[in-house]
Amino acid sequence: MLTGSCLCTAIQYQIAMSDQIEKMVFCHCQRCRKWSGSAFNSAVQINSEAFTILSGRDKLKKFSVNGVNRFFCSECGSNLYTSRDSMPNIYRLRAGTLNTAIYPQQKIHIYTQSKANWDSICDGGLQFDENII
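Definitions and limits used
Residues numbered from 1 in each chain as written. Predicted model: local features only at pLDDT ≥ 70, side-chain atom pairs only at ≥ 80, totals over all residues. Heavy atoms only, no water. Helix = DSSP H or I, 4+ residues; strand = E, 2+ residues; numbered from the N terminus. Rg over C-alpha atoms; globule rule 2.2 N^0.38 Å. Buried < 20%, exposed > 50% of the residue type's maximum accessible area, 1.4 Å probe, protein only. Contact = heavy atoms within 4.5 Å. Lys, Arg positive; Asp, Glu negative; His and termini not counted. Salt bridge = Lys/Arg side-chain N within 4 Å of Asp/Glu carboxyl O. Polar contact = N/O pair within 3.5 Å; in protein donor to acceptor, adjacent residues only side chain to side chain. Core = buried A, V, L, I, M, F, W, Y, C linked by side-chain atoms within 4.5 Å. 1 Å grid on protein atoms, 1.4 Å probe; cavity = no way out; pocket = protein on both sides within 12 Å on 5 of 7 lines; lining within 4 Å. Points joined across faces, edges and corners; volume = space filled by probe spheres on them.

S.K.: Describe the overall build of the protein, naming the residues involved and giving the relevant values.
M.R.: On a plain count of helices and strands, the protein comes out with 1 helix and 11 strands. Counted from the first residue to the last, the protein has its helices and strands arranged as β-β-β-α-β-β-β-β-β-β-β-β. Taken against the 2.2 N^0.38 rule, which gives 14 Å for 133 residues, the C-alpha radius of gyration of the protein at 14 Å falls within 12% of a compact globule. With respect to the three principal axes, the spread of C-alpha positions in the protein is 40 × 30 × 30 Å. Across the 133 residues that make up the protein, the buried fraction comes to 44%. Of the contacts formed within the protein by residues at least 6 apart in sequence, a portion of 54% connects residues at least 24 apart.

S.K.: Residue-level account of the side chain of R33, with values.
M.R.: Summarising the element assignment, R33 is placed in helix α1 (residues 30–36). Here R33 occupies a buried position and makes no salt bridge, while the nearest side chain of opposite charge, D119, is found at 7.5 Å. Polar side-chain contacts of R33 include one of 2.4 Å to the backbone oxygen of S114. Those residues in contact with R33 that sit more than four places away from it in its chain are H28, S38, A39, F40, S114, K115 and A116.

S.K.: Account for the nonpolar core, with residues named and values stated.
M.R.: In a soluble, globular protein the nonpolar side chains are often hidden away together inside. Counting 23 residues, the largest nonpolar core has I15, V44, F51, Y81 and L93 as its most contacted members. Going through the elements one at a time, β2 (12–15), β3 (23–27), β4 (41–47), β5 (51–55), β7 (68–73), β8 (79–84) and β9 (87–94) are the ones with two or more residues in this core. For F51, the contacting residues outside a window of four places in its chain are Y13, Q14, I15, I46, Y81, Y91 and L93.

S.K.: How would you explain the pattern of salt bridges if you had to name every residue and give the values?
M.R.: Applying the stated rule across the entire model yields 1 salt bridge. Where K59 meets E75, a salt bridge forms, and the shortest distance between an N and an O atom there is 3.4 Å. Linking K59 in the loop between β5 and β6 (60–65) with E75 in the loop between β7 and β8, this pair joins segments that are 16 residues apart in sequence. On the accessibility criterion, E75 (52% relative accessible area) is exposed.

S.K.: Let's hear about empty space enclosed by the protein: which residues, and what values?
M.R.: Taken as a whole and assessed by the stated rule, the structure comprises 1 cavity of 30 Å³ or more. Put simply, the largest cavity is a space of about 250 Å³. As for the largest cavity, its lining consists of 19 residues, and the residues nearest its centre are C27, C32, N41, R84 and R92. Elements represented by at least two residues in the lining of the largest cavity include exactly β3, α1, β4, β7, β8 and β9. The element contributing the most residues to the lining of the largest cavity is β4, with 4 residues.

That's the geometry; what it means functionally is another story.
In C-alpha coordinates:
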(Lines give C-alpha, C1' and ligand atoms only; values in the text may rest on other atoms or scores of the structure.)
Protein backbone atom coordinates (compact mmCIF):
# COMPACT_ATOMS: atom_id res chain seq x y z
CA MET A 1 0.00 0.00 0.00
CA LEU A 2 1.32 3.43 -0.96
CA THR A 3 0.13 6.68 0.63
CA GLY A 4 0.45 10.32 -0.23
CA SER A 5 -0.98 13.79 0.16
CA CYS A 6 -0.94 17.34 -1.07
CA LEU A 7 1.33 19.91 0.60
CA CYS A 8 -1.26 21.10 3.14
CA THR A 9 -2.38 17.46 3.75
CA ALA A 10 -6.04 18.37 3.14
CA ILE A 11 -6.10 15.67 0.45
CA GLN A 12 -4.84 12.27 1.56
CA TYR A 13 -4.80 9.24 -0.72
CA GLN A 14 -3.75 5.63 -0.88
CA ILE A 15 -2.89 3.27 -3.69
CA ALA A 16 -3.59 -0.43 -3.30
CA MET A 17 -0.72 -2.11 -5.13
CA SER A 18 0.74 -5.56 -4.82
CA ASP A 19 3.79 -4.71 -6.94
CA GLN A 20 6.47 -2.06 -6.64
CA ILE A 21 6.35 0.83 -9.08
CA GLU A 22 8.89 -0.10 -11.74
CA LYS A 23 8.89 2.96 -14.01
CA MET A 24 9.11 6.71 -13.41
CA VAL A 25 8.50 9.14 -16.25
CA PHE A 26 9.89 12.65 -16.48
CA CYS A 27 7.93 14.78 -18.94
CA HIS A 28 9.73 17.81 -20.35
CA CYS A 29 6.87 19.21 -22.47
CA GLN A 30 5.94 22.86 -22.08
CA ARG A 31 2.52 22.06 -20.54
CA CYS A 32 4.09 19.91 -17.81
CA ARG A 33 6.77 22.52 -17.15
CA LYS A 34 4.09 25.16 -16.70
CA TRP A 35 1.95 22.91 -14.50
CA SER A 36 4.85 21.85 -12.30
CA GLY A 37 6.63 25.21 -12.31
CA SER A 38 9.86 23.32 -12.89
CA ALA A 39 12.00 21.81 -15.65
CA PHE A 40 9.82 18.68 -15.87
CA ASN A 41 7.20 16.72 -14.01
CA SER A 42 7.96 13.40 -12.32
CA ALA A 43 5.15 10.88 -12.55
CA VAL A 44 4.38 7.23 -11.98
CA GLN A 45 1.62 5.44 -13.83
CA ILE A 46 -1.00 3.73 -11.67
CA ASN A 47 -4.31 1.98 -12.22
CA SER A 48 -7.15 4.40 -11.41
CA GLU A 49 -9.09 1.62 -9.67
CA ALA A 50 -6.25 1.21 -7.15
CA PHE A 51 -6.35 4.92 -6.22
CA THR A 52 -8.54 6.04 -3.31
CA ILE A 53 -8.90 9.51 -1.85
CA LEU A 54 -9.12 9.05 1.91
CA SER A 55 -9.88 12.68 2.83
CA GLY A 56 -10.28 16.05 1.20
CA ARG A 57 -12.27 15.04 -1.88
CA ASP A 58 -14.07 18.40 -1.60
CA LYS A 59 -10.70 20.15 -2.01
CA LEU A 60 -9.87 18.28 -5.24
CA LYS A 61 -10.23 20.46 -8.34
CA LYS A 62 -9.86 19.61 -12.02
CA PHE A 63 -8.53 21.61 -14.95
CA SER A 64 -9.21 20.01 -18.35
CA VAL A 65 -7.94 20.84 -21.84
CA ASN A 66 -8.08 18.63 -24.95
CA GLY A 67 -9.00 15.46 -23.06
CA VAL A 68 -6.24 15.82 -20.43
CA ASN A 69 -7.51 16.28 -16.88
CA ARG A 70 -5.20 17.77 -14.23
CA PHE A 71 -6.20 17.30 -10.60
CA PHE A 72 -4.91 19.56 -7.83
CA CYS A 73 -5.66 20.76 -4.30
CA SER A 74 -7.73 23.94 -4.16
CA GLU A 75 -6.14 24.89 -0.82
CA CYS A 76 -2.38 24.61 -1.42
CA GLY A 77 -2.28 24.14 -5.21
CA SER A 78 -0.38 20.84 -5.13
CA ASN A 79 -0.54 18.99 -8.44
CA LEU A 80 -1.65 15.44 -7.66
CA TYR A 81 -2.34 13.50 -10.85
CA THR A 82 -3.53 13.60 -14.43
CA SER A 83 -5.87 11.41 -16.41
CA ARG A 84 -6.82 11.27 -20.06
CA ASP A 85 -10.34 10.85 -21.41
CA SER A 86 -8.92 8.29 -23.85
CA MET A 87 -7.41 6.17 -21.01
CA PRO A 88 -9.71 6.46 -17.96
CA ASN A 89 -8.15 3.46 -16.21
CA ILE A 90 -4.69 5.12 -15.98
CA TYR A 91 -3.59 7.95 -13.68
CA ARG A 92 -0.21 9.65 -13.85
CA LEU A 93 0.49 10.40 -10.23
CA ARG A 94 2.96 13.14 -9.31
CA ALA A 95 5.72 11.23 -7.56
CA GLY A 96 6.54 14.11 -5.21
CA THR A 97 3.16 13.73 -3.50
CA LEU A 98 3.95 10.21 -2.29
CA ASN A 99 4.68 9.68 1.42
CA THR A 100 5.86 6.12 0.79
CA ALA A 101 9.32 5.49 -0.63
CA ILE A 102 9.45 3.97 -4.10
CA TYR A 103 12.37 2.43 -5.98
CA PRO A 104 11.65 2.57 -9.72
CA GLN A 105 13.93 0.38 -11.83
CA GLN A 106 13.47 2.41 -14.99
CA LYS A 107 13.58 6.18 -15.51
CA ILE A 108 12.29 7.57 -18.80
CA HIS A 109 12.42 11.14 -20.11
CA ILE A 110 9.80 12.10 -22.69
CA TYR A 111 9.36 15.19 -24.88
CA THR A 112 13.05 15.92 -24.54
CA GLN A 113 13.05 17.93 -27.78
CA SER A 114 11.01 20.60 -25.98
CA LYS A 115 12.88 20.59 -22.66
CA ALA A 116 13.83 23.92 -21.11
CA ASN A 117 17.05 25.27 -22.61
CA TRP A 118 18.51 25.70 -19.11
CA ASP A 119 17.85 22.08 -18.13
CA SER A 120 20.34 19.21 -18.37
CA ILE A 121 19.28 15.57 -18.14
CA CYS A 122 21.93 13.94 -16.00
CA ASP A 123 20.52 10.67 -14.67
CA GLY A 124 21.31 8.32 -17.55
CA GLY A 125 17.63 7.44 -18.05
CA LEU A 126 16.21 6.66 -21.48
CA GLN A 127 15.36 9.77 -23.51
CA PHE A 128 12.70 10.20 -26.19
CA ASP A 129 11.82 13.24 -28.29
CA GLU A 130 8.11 12.40 -28.06
CA ASN A 131 5.77 10.44 -25.79
CA ILE A 132 6.31 6.67 -25.85
CA ILE A 133 3.84 5.70 -23.12
